[in-house]
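Residues per chain are reported as follows:
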Amino acid sequence: SHPRLQASLEQMLPWVLHEVLQLAFLQEPPEGDDYHELQRFARSHHPLSLHPSWGVPTLDELQPEQLQQLCKQLLTRFAQRHALEDYDGAAPSDEESDDEEDGQ
């Protein structure tokens, strides 16, 4: 668990994402509705196919721990973009690589 990262993200992210944030940082792997909530979030913010480093081709095949990791990455990226927009009043460029970090 990363309580400092979670607290920092909570301050940066809009309140509507706080439930997803809590699920992404659960100690136990998410199950049932919690798992599906993380899946919905990931699907809405990530392309359908995954980088080969995840070891599976699609979001639906991720293990619960991997799904949590992906959601943490997506939430961190979302927070960084949100912070940049607040900082300079303009949307950041999309020239960055969209390759995901290793899925392990």
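Notes on the structure in this doc start here.

1. Some thoughts on a negative patch on the surface
So, point 1. Together, Glu-19, Glu-28, Glu-31, Asp-33 and Asp-34 line one region of the surface with negative charge.
So, point 2. Counting through the fold element by element, Asp-34 comes out in helix 3 (residues 32-45).
So, point 3. Note on Asp-34: relative accessible area 32%, which makes it partly exposed.

2. Some points on helix 3
So, point 1. Compared with an ideal rise of 1.5 Å per residue, which puts 14 residues at 20 Å, helix 3 spans 20 Å between its outermost C-alpha atoms and is within 8% of the ideal.
So, point 2. Among the residues of helix 3, Tyr-35, Leu-38, Gln-39, Phe-41 and Ala-42 are the ones counted as buried. When helix 3 is viewed along its axis, its buried side chains cluster within an angular range of 165° and face the same direction. Among the exposed residues of helix 3, those oriented more than 90 degrees off its buried face are Asp-33 and Ser-44.

3. A look at the nonpolar core
So, point 1. Within the largest apolar cluster, 23 residues are counted, with the highest numbers of intra-cluster contacts made by Leu-62, Leu-70 and Leu-75.
So, point 2. Listing elements by their share of this core, those giving two or more residues are helix 2 (18-24), helix 3 and helix 4 (64-88).
So, point 3. Of all the elements, helix 4 adds the most residues to this core, at 6 residues.

4. Digging into the packing of aromatic side chains
So, point 1. One pass over the structure, following the stated rule, counts 0 aromatic pairs.
So, point 2. Over the face of the ring belonging to Phe-25 we find Lys-72, whose NZ or CZ atom lies 4.8 Å from the ring centre.

5. Describing the environment of Gln-22
So, point 1. Mapped onto the elements of the fold, Gln-22 is located in helix 2.
So, point 2. Under the relative-accessibility criterion, Gln-22 is labelled partly exposed at 44%.
So, point 3. Taking the C-alpha atoms as reference points, Gln-22 and Asp-34, separated by 12 residues in sequence, lie 10.0 Å from one another.
So, point 4. Those residues in contact with Gln-22 that sit more than four places away from it in its chain are Gln-6 and Glu-10.

Rules behind the numbers
- Residues numbered from 1 in each chain as written.
- Predicted model: local features only at pLDDT ≥ 70, side-chain atom pairs only at ≥ 80, totals over all residues.
- Heavy atoms only, no water.
- Patch = residues over 30% accessible without salt bridge, like charges linked within 9 Å, V, L, I, M, F, W, Y side chains within 5 Å.
- Areas by Shrake-Rupley, 256 points an atom, 1.4 Å probe, with all protein chains shown as cover.
- Salt bridge = Lys/Arg side-chain N within 4 Å of Asp/Glu carboxyl O.
- Lys, Arg positive; Asp, Glu negative; His and termini not counted.
- Charge placed at Lys NZ, Arg CZ, Asp CG, Glu CD.
- Helix = DSSP H or I, 4+ residues; strand = E, 2+ residues; numbered from the N terminus.
- Buried < 20%, exposed > 50% of the residue type's maximum accessible area, 1.4 Å probe, protein only.
- Expected span 1.5 Å × (residues − 1).
- Arc of directions from axis to C-beta.
- Core = buried A, V, L, I, M, F, W, Y, C linked by side-chain atoms within 4.5 Å.
- Phe/Tyr/Trp six-rings, centres within 6.5 Å; stacked < 30°, edge-to-face > 60°.
- Lys NZ or Arg CZ within 6 Å of the ring centre and 35° of its normal.
- Contact = heavy atoms within 4.5 Å.

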